[in-house]
Structures are given as structure tokens and as C-alpha cells.
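Each chain, written out:
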Amino acid sequence: MAEFKLKIRRYDPETGAAPYWDEHTVELEPHRSVLEGILQARNENDGSIGVRCSCRSAICGSCGVRVNGKPGLACHTHLDDALASAGEDGVIEVEPMGNMPIIKDLIVDMDAVHWKKIQRVTPWLIGKEPVPEREYIVSRESMIDVTQSMACIQCGACVSDCLSMEVDPLFVGPAALAKTYRFVGDPRDAAHEQRLKDLGEDKHGIYDCTHCFKCIEACPKGVAPMNQIMRLRRIAGNDFHIKDRNNGERHEMAFVNNIEKNGILHEADLLPDSYGGKFHPRAVPELISSLPIVMTALLRRKMTPGKALLHPHKAPDGVKRIFEVVEGRDERNEFNLYISGTDADNEGTAEVAEAIEAAEPAGVAPDGTEGSSA
Amino acid sequence: MKVAYWPGCVSRGFTAELHGSMAAVAPMLNIELVELDRASCCGAGVIAEHSQELADTLNARTFALAQQEITQGADLMMNICSTCQGAQSECQQRLDASAEYRAQVNETLSDEGLEYQDGIINKNFLWVLVEDIGLDKLKTLVKQPLTDLRVGPFYGCYIVRPTDRLDINAAQPRDEYLGQVIEALGGTVIDYAGSHKCCGFPIITMNKEASLEQAGRHLGDAVDAEADCLVTPCPLCHLNLDLQQPMAAKQVGRELNMPVLHLPQLVGLALGVSPKELGLQHHIVKPTSVIDWSQAVVGGVGGW
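Residues numbered from 1 in each chain as written. Chains lettered and ligands numbered in written order. Predicted model: local features only at pLDDT ≥ 70, side-chain atom pairs only at ≥ 80, totals over all residues. Heavy atoms only, no water.

Attention now moves to the overall build of chain B. Scanning chain B from terminus to terminus reveals 14 helices and eight strands. Its C-alpha atoms give chain B a radius of gyration of 19 Å, within 12% of the compact-globule value 19 Å for 304 residues. For chain B, the spread of C-alpha atoms along the three principal axes comes to 55 × 45 × 40 Å. By residue count, 67% of the 304 residues in chain B fall in the buried class. Counting only contacts in chain B whose residues sit at least 6 apart along the sequence, the fraction spanning at least 24 positions is 76%. About 9,700 Å² of surface is accessible on chain B, with carbon and sulfur atoms providing 46% of the total. (Helix = DSSP H or I, 4+ residues; strand = E, 2+ residues; numbered from the N terminus. Rg over C-alpha atoms; globule rule 2.2 N^0.38 Å. Buried < 20%, exposed > 50% of the residue type's maximum accessible area, 1.4 Å probe, protein only. Contact = heavy atoms within 4.5 Å. Areas by Shrake-Rupley, 256 points an atom, 1.4 Å probe, with all protein chains shown as cover.)

Below, the discussion takes up the overall build of chain A. Summing up its helical and strand segments, chain A has 19 helices and seven strands in all. With respect to the three principal axes, the spread of C-alpha positions in chain A is 75 × 70 × 40 Å. Within chain A, the fraction of its 374 residues that count as buried is 46%. Across chain A, contacts joining residues at least 24 apart in sequence account for 63% of those joining residues at least 6 apart. Summed over its atoms, the accessible surface of chain A is roughly 18,600 Å², and 53% of this surface lies on carbon and sulfur atoms. Seen as two clouds, the 43 positive and the 59 negative side-chain charges of chain A have centres 8 Å apart. (Lys, Arg positive; Asp, Glu negative; His and termini not counted. Charge placed at Lys NZ, Arg CZ, Asp CG, Glu CD.)

Turning next to the pairing of strand S1 (residues 2-10) of chain A. All names here are of chain A. For S1 and strand S2 (residues 20-28), the ladder comprises nine bridges, and the chain directions are antiparallel. The residue bridging Ile 8 from the neighbouring strand is Asp 22, located in S2. When S1 meets strand S5 (residues 91-95), the two strands line up parallel, connected through four bridges. Among the inter-strand pairings, Lys 7 is bridged to a residue of S5, identified as Glu 93. (Pairing = 2+ DSSP bridges.)

What follows covers the nonpolar core. Leu 177 and Phe 255 of chain A together with Ile 47, Leu 54, Leu 230 and Leu 241 of chain B are the most contacted members of the largest nonpolar core, which has 115 residues in total. The element best represented in this core is helix H3 (residues 52-71) of chain B, accounting for eight residues. Residues Leu 138, Leu 146, Ile 159 and Leu 166 of chain B belong to the second largest nonpolar core, which totals 50 residues. (Core = buried A, V, L, I, M, F, W, Y, C linked by side-chain atoms within 4.5 Å.)

With that out of the way, let us pick up the interface of chain A and chain B. Between chain A and chain B, the residue contacts involve 66 residues of the former and 73 residues of the latter. Taken together, both faces of the contact between chain A and chain B bury some 6,200 Å²; the carbon and sulfur share is 60%. Taken as a group, Arg 300, Lys 302 and Phe 335 of chain A account for 13% of the area that chain A buries against chain B, more than any other trio of residues on that side. Our enumeration of links across chain A and chain B arrives at seven salt bridges. Of the charged contacts in the structure, one is a salt bridge between Lys 208 of chain B and Glu 286 of chain A, with a shortest N-O distance of 2.8 Å. The interface formed by chain A and chain B includes 29 residue pairs in polar contact (both at pLDDT 80 or more). Looking at the side of chain A that touches chain B, the elements that each hand over two or more residues are helix H6 (163-167), helix H9 (214-218), helix H10 (225-239), helix H11 (248-262), helix H12 (267-274), helix H13 (283-289), helix H14 (291-299) and helix H16 (317-327) of chain A. (Buried area = accessible area lost by both parts, 1.4 Å probe. Salt bridge = Lys/Arg side-chain N within 4 Å of Asp/Glu carboxyl O. Polar contact = N/O pair within 3.5 Å; in protein donor to acceptor, adjacent residues only side chain to side chain.)

As a further point, take the pattern of salt bridges. Residues and elements named next belong to chain A. Inspection of the entire model under this criterion finds 43 salt bridges over all chains. With a closest N to O distance of 2.8 Å, Arg 66 and Asp 161 form a salt bridge. Of the two residues, Arg 66 sits in strand S3 (residues 64-67) while Asp 161 sits in helix H5 (residues 157-161), which places them 95 residues apart along the sequence. The class for Asp 161 is buried, based on a relative accessible area of 8%. Glu 201 is the partner of Arg 245 in a salt bridge, and the nearest nitrogen-oxygen pair spans 3.2 Å. Placement of the pair is Arg 245 in the loop between H10 and H11 and Glu 201 in helix H8 (residues 192-201), with a sequence separation of 44 residues. Residues joined in a network through salt bridges with shared partners are Asp 145, Arg 231, Arg 234, Asp 239, Arg 332 and Glu 334.

Residues and elements named next belong to chain A. Here five strands make up an open sheet; going across it, the order is S2-S1-S5-S3-S4 and the pairing mixed. At either end of the open sheet lies a strand with only one pairing partner, and these are S2 and strand S4 (70-73). Each adjacent strand pair in this sheet contributes to an overall mean axis angle of 35 degrees, direction not counted. (Axes fitted to C-alpha atoms, helices over the stretch in contact; angles between N-to-C directions.)

Residue and element names in this part refer to chain A. In this structure, S3 lies alongside S4, joined through four bridges in antiparallel fashion. Its bridge partner being in S4, Arg 66 is matched across the sheet by Pro 71. Following S3, the chain reverses through two residues before pairing antiparallel with S4; Asn 68 in that reversal takes a positive phi of roughly 50 degrees.

The next point concerns the environment of Ser 195 of chain B. All names here are of chain B. The residue Ser 195 is located in the loop between strand S6 (188-189) and helix H9 (208-224) in this model. In sequence terms Ser 195 and Pro 27 are 168 residues apart; their C-alpha atoms lie 29 Å from each other. In terms of polar contacts, Ser 195 uses its side chain to reach the side chain of His 196, at 2.9 Å.

So far we have only geometry, and geometry alone does not tell us how the molecule works.
Structure representation (C-alpha cells):
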């Protein structure tokens, strides 16, 4: 048994009083969870502490909070680990999650934000017609792939810390977009293109993510929502060529073409090209609005007209060759660490697989093809 | 030490003062820069968004070029851009994970006679400062300590997240290094909400309001915390925080006037390099507070 000091953020909007910190000392073994600490404080010191929890085993997703400023599950954070990341005073800070209104103390309104966004993305499978007589056969790889986004337990930790949502509350956000990939990555779903067009055209959709990695860091289940968002963009642009009104696809292609031509980024071209070219109706107002900055930059010699207009750097042949080879492939070659694992992870697994195969009689493999006989 | 030096694109384009200031401070820190001038853009996450293999191959080529320098005596590869660090680390993680995938990528590089071997050490200047040069050594080189200069760190997402890929842990707190460097240079570290947040730059062409709102909010937080200036190891953050600052100020409806320095500029000031040589005159937001502090001959800076 050891003593731990918990500082809990308290707030009850119904009283009209300002939020405040409330400190409690709890006695528990160090490997016990922060949730157990909160519950002990509630049961023994102050029955009015508001906290939501259910399974206490990191599977129901109810107890999302911030511990020492970082989002996660209270039941999945050991007290000794929380103490290690606490400030110099050795007090563990527990706060409600961000980006969502507080109902009371550590309980946030998931309905108002998180669940609304999940509903926004049609979170169910739209089956292909005609419906086959028997089950759909799906390749093992594509199933492993979607298990990453299926691992989401809807705790809201990623939503809590999304930096894009912090300034744009309408952003569909990491959890709902990871859920979108769960269906766009599923070969059984019939609405890939519609889903991507819908979320590409939405100003607050797939192109509103700033690539800040906060959701990857926040997720207690390894869903890596941002990686799923990047794959949605890749499929929208490369497979369906969806030219969205937010310039997402245009910006991507402007960047890629810029590097193919110049080797290193020629910024003066990137902005107009991202809007469709210097004379595109969309580009003109953008360029005019940035004129004062361009003028100041010229005045301070941050850029020179020569540097902006000429292209002093040309892509070396080696770089051009890479574009030729990779862009010339019939199919995208995408190495997915989640599916493949690292060489170090896989060491020995080949032998195990062979051993299993040798022990099993010939039969039908999960993908429906006839298995090889041992 | 000798490094295979990857300056990045923006440091030779719209923030040329970054490349220039790095060149000015390197000899004072005893760093020999061997520039990788045939290397290409890291893709800044955008090329990977288009095609991972393309980004991986372009960066494998850069790594292979760096490894040629390393065989000839360079200690490691060094970059001066948070975004390069993050984008290249992401590609390196995939390349180092699988010999089979690496072989596919090397096949494309073989036309040029290049080959990437796993395990390159690629560090941002910030990491080199703390881990290879060392804060104690840095302290001894300070000629003009930044006494009373209140500096807010601004890291840029790519150099602080994800922590496992970037080897950030209790033993190696790379997400606290900027504060450590500011202190070593004699300055005061300002704690404000935006230090580890996103500058908003990646969505400037897609959702300009949200992008500028992010920049404006973090700059405003720094103003409220009474910072004299911010310092960043990321030139892309510098674009949104400095170049776009007048627009960000409009977006958030308040005056900001917050100078933003590149990391080598801050180091250079403490090492006694003149503000002009560090290119401070090229910034959109005049770093008057910083120049006043350094008691440089303002007339000598010129061109304001």
C-alpha cells in the first residue's frame, strides 16, 4: 500500500460556480488504477465527485479523462505511472476530457460532440447488391487492416485532444474519420466513393486534419486515427480522383508535381497551384488577399522576385526516375506496418506457421481456396 | 563534429535566413556541415498522403546520400526542420522495419547506384545541440547570455509526436529540449498553452480560417504570458507564425506583434553573432524586443 495524492478538477455547471481543484489522498497498491483512486476518494471522502465508469478493464470506453494533461482511460493508467508523469509536487492531476462540454466534474457530454460526429459518417456497412447467397469472402489482409480501426472503443480520448477541433468545432474529427476508414477499407462496403466524396467536399471533413499526431498519441487502443485519415485522402485522390472544393486533392497534386519538377519545394508556385493555377478564378482572390504579405516579404528581402519567378533548382535525374518508377506502378505498393509487423516482431513466426501447417490435415483455407496438403 | 547536412526546402526558400543562420553558428559550435545538395524534399507528409512508397523512396535516397558522407567521416545526418525530422522518421520506421520492403525501395534506387542500409541516425539541430554538443559545452560558448529575455518555445508537431517513433521518453525528454536550450543560453523559458500544439500551416490552403485561428491563438497565448519572442526549430511553423502573422492577427481580432526566431538565430544571438548576420531583418514581424535586448547597433541592422 502506498499513499497517492489526487487533484481532481471539479465543476458543476448547474451551480454557476467556477471550476476548482479538489485534493484527495488515497491509499492503494501502486499497480492499481487512477480510476480506483478516484472511486476511493468518492467512496471514502466525497460522494459528490462525478465520474463515469463501467467495466474497469479498458474495454467499455466510459472512463476517458485527462491524467496530468494527457488523455486516456482512468482504468488503464496505473497510479505509479501517473505519479511518474506528475509535476514536481508529486500530485496526480485528473481533469475531464477537452473539446466536449462538461456535465459534471469528470463527466463530459459525449452525445453533444463525439456521438453526433460518429452518426455523421454513416457508421454502418452498406452492403453490395445483389446480396450473395452465402457469406462474403474477404482476404485475410484486408480484414487485419480494418481491425485497427475496429479496435476503437469510443472513449473520446482522440476527440479530447484534437487540435483542429479546438479551433474548428465542426471538424468531423479523428474518431469518426477512423470509423469511416473502417468501412472504406472494408471490401464488402458498396459506398466507398460516396463516403469519400461526402467527406472530401465537407469543409470540416478529411482535409481539415492538420496532421498533428495528437490522436495517435491519445488513443489507448492503437487505432492511430490520423493514419486512417491519411489513407482516406490517399484513396480519395488516387483511386477515385475526387477533386474536392477544399483544394485537398489539388494541393496534394500541386505538391507532388512541384517536387517532381524542382526536386525541392518551390513555394512561390505551390500556393497558386493549390488553388488550381495562377489564373484560376479561385486563385485570384487568394493571391490578391496575400499581396500585402508578399509586398512586405519583398521589402524585407525575405524573398526576391527572381527567386519567386525563376526555378533555380531542378530535380536531379535520380529523383525524376523515382517518380517514373513509383508513379508508373499499376497498383499502389503500400507497406502497412500494422499488417506486416517488423522483421523483429516476425522473427520465428514463419517457423511456427510452417509447424502449424505441417500438423494440420489438408483442408479449406479461410479464403475459400483449397489448402495445400502437408 | 561533421554532419551530413539536410537543410530542407523552406530553409532555402521563404525562410532563407534559417539556412543562413545555421551556416553562421555551425563553425562556432564546431559543426562541419556537408550539405546534401542533391537530395530532394522529404514530402512534408503530403507526398506520403499521396503515395507512401514515393515518400519512402525519396527519403531512402536522401538517407543513402547521407550514408555516403557518413562512410567518409560524417558522424550522423542532421536536419534543421521539425517537419523533415518527423516525415523522414516516419519513412525510416517503415524502411527499417522490413528487409523485404527495403529491398523493393533499393531496387528503385539502384539505377542511380544508391542503396539505403537500415539504421541511419538522423537528428534535428535541436537534438544535436543537447545530445551531441551538450548543454554544458553550449553554456561555455555563450558570449552574450540572453539574460531577461523571455522566450516561448514552439516545437512543431512533427518533432514531438508520436513519442515512440521519435524515441521521446523520461531518459531522453526531447519534448523539453527547447526549454533546456533557452535556459542554457541564459534566457527565461515562458510556459504557455501553445508550445507543443499545431501552428495550423498544413491546412492553410484547405481551411484558411482554422489554420490562421491556430496560429493566432498560440501567438496570443504567448503575448498573454508576456513572452518577448518565440523560438522554433520548424521553418513551416515559422511561415504560419511569422509570415502569416498579420493575417492571423486579423483572424483572431487582436494585435500580436510576436517575433518568432529560428533556433539557430537564438543560439547565434547568445554566441555573439550580429542580428544582421542571422538574417533577423528578413522577418515579417520585426524582432525589435530581441534586438533591443541584445543592444546591437540598431542602425547597423538596416533595411527595417
